[in-house]
Amino acid sequence: MQFFKDLSLSAATAGFVAVLVGFTSSVAIVFQAAQAFGATPGQITSWMWALGLGMGLCSLVPSLILRQPVMVAWSTPGAAVLATAGLAGGFSMGEAIGAFMVCALLITLAGVTGWFERVMNRIPMEIASALLAGVLARFGMQAFAALQTALPLVLVMLAAYLLARRLLPRYAVVLTLAVGIAWAAVDGQMRWSEVHFALAVPVFTAPSFSLQALMSLALPLFIVTMASQNLPGVAVMRATGYQLPVSRLISMTGLATLLLAPFGAFALNFSAITAAICMGPEAHPDPARRYTAAASCGLLYIAVGIFGAVVTGLLTAFPAELVVAIAGLALLGAIGGGLASALADEGHREAALITFLVTLSGVSLAGIGSAFWGVVAGSAALFVQQYGRRGAHH
């Protein structure tokens, strides 16, 4: 099978790092969201089963069919919105499930009509690259901020990364991760007590629909997922040079969410941060073989779903600093590439810089994250600078 011919150690590691980063950086928010609707431990495990299966199949299957990396994740800002709105509104689990289904229908509609892709096609490449750099730079900064709380671990990982980049550049992330895990294990920082063996059992919850849940849960979840996740997700694809069928893939994530919503899948969407790990040169020097990194990531997500408790325990056994350090180092290439293409054209440079800084600031207005406002600010700057100069520019 072609997949096994194309697979490499660096691609498989990129898939693992993507799962490690995607999972550990936001699983606590998903737990909070589930608890806000009064979820039982069984329902929380069911949420992990539904999300793992949804993310896994939506990443694995299209990556193998298209031979291009397709990366799907849960909506982290969506989970944050649910955690806040759930506590404030006192919604039942049934109402939450109903809201997830309405959101899924809206996402499907955005894909079927193609309006989202048309909007994305109007965003200049420099703005998309600046958005990507802004989203990822925060992870780069966190890697070095971790020096404050785990100086020896992060320094050892940084030294391993720089040496590996010099001697074995293709395996820099693999070796850095191995050194980090070995150091954490010897230093007694691995929390093995978190690991328990159990298979996840899906729990069906019948949906119920209310206008209040529609307004407080479904609409904010849809808006945040499209603006804070799918928008930077498409920016990553464009910045890394992949021409994917955006509308069809958005329809797929919407339908997958709809099917899995009664079991706790609240919103599936394109990933940005983990996509950059699997779509960048760290995963494989040959862009045509990077789909194996996304497929590996998909297989691991399916395992996360099926062995919910075990994998959750394993992934949360890693020290937090190890996770942010490996994420930041794995994303250095993507951050550098994003900034280089964002600032290359002098005509777009200032608008791109505004996009980058607003996105990096992490500002959240009206419950919508900085990725959306970065694009708005950069596009507004570009409009002011270039309106009426169209002919001269082109």
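Reading the values: rules and limits
- Residues numbered from 1 in each chain as written.
- Predicted model: local features only at pLDDT ≥ 70, side-chain atom pairs only at ≥ 80, totals over all residues.
- Heavy atoms only, no water.
- 1 Å grid on protein atoms, 1.4 Å probe; cavity = no way out; pocket = protein on both sides within 12 Å on 5 of 7 lines; lining within 4 Å.
- Points joined across faces, edges and corners; volume = space filled by probe spheres on them.
- Nonpolar A, V, L, I, M, F, W, Y, C, P; charged D, E, K, R; others polar.
- Salt bridge = Lys/Arg side-chain N within 4 Å of Asp/Glu carboxyl O.
- Helix = DSSP H or I, 4+ residues; strand = E, 2+ residues; numbered from the N terminus.
- Buried < 20%, exposed > 50% of the residue type's maximum accessible area, 1.4 Å probe, protein only.
- Phe/Tyr/Trp six-rings, centres within 6.5 Å; stacked < 30°, edge-to-face > 60°.
- Patch = residues over 30% accessible without salt bridge, like charges linked within 9 Å, V, L, I, M, F, W, Y side chains within 5 Å.
- Areas by Shrake-Rupley, 256 points an atom, 1.4 Å probe, with all protein chains shown as cover.

With an unreviewed UniProt entry as reference, the chain is termed Benzoate/H(+) symporter BenE family transporter, source organism Diaphorobacter limosus.

1. Structural notes on the layout of surface pockets
Here the largest pocket is characterised by a volume of approximately 960 Å³. Lining of the largest pocket is provided by 44 residues; of these, Thr76, Pro77, Phe139, Gln229 and Ile273 occupy positions nearest its centre. Partitioning the lining of the largest pocket into residue classes produces 25 nonpolar, 17 polar and two charged.

2. Here's the deal with the pattern of salt bridges
Counted by the stated rule, this structure contains two salt bridges. Here Arg289 and Asp6 are joined by a salt bridge, their closest N and O atoms 3.8 Å apart. Residue Arg289 is found in the loop between helix H13 (273-279) and helix H14 (291-306), and its partner Asp6 is found in helix H1 (residues 2-6); the two are separated by 283 residues along the sequence. On the basis of relative accessible area, Arg289 is assigned to the partly exposed category, the value being 26%. Classification of Asp6 by relative accessible area gives buried; the value is 10%. Note that Arg165 is salt-bridged to Glu282, the shortest N-O span being 3.5 Å. Of this pair, Arg165 sits in helix H9 (residues 151-167) while Glu282 is found in the loop between H13 and H14, placing the two residues 117 residues apart along the sequence. Among the residues examined, Arg165 registers a relative accessible area of 39% and is labelled partly exposed. For Glu282, a relative accessible area of 12% translates into the label buried.

3. A short note on the packing of aromatic side chains
According to the stated counting rule, one finds eleven aromatic pairs in the structure shown. Geometrically, the ring pair formed by Trp115 and Phe116 is edge-to-face, given 5.9 Å between the ring centres and 90° between the ring planes. A residue is classified by how much of its surface remains accessible, and Trp115, at 36% relative accessible area, is partly exposed. For Phe116, a relative accessible area of 4% gives the class buried. Linked through ring pairs, Trp47, Phe100 and Phe266 together constitute an aromatic cluster.

4. Examining a nonpolar patch on the surface
A cluster of nonpolar side chains, namely Leu163, Leu167, Leu168 and Leu175, defines an oily patch on the protein surface of about 400 Å² accessible area. You can see Leu163 is positioned in helix H9. On the basis of relative accessibility, which here comes to 53%, the residue Leu163 falls in the exposed class.

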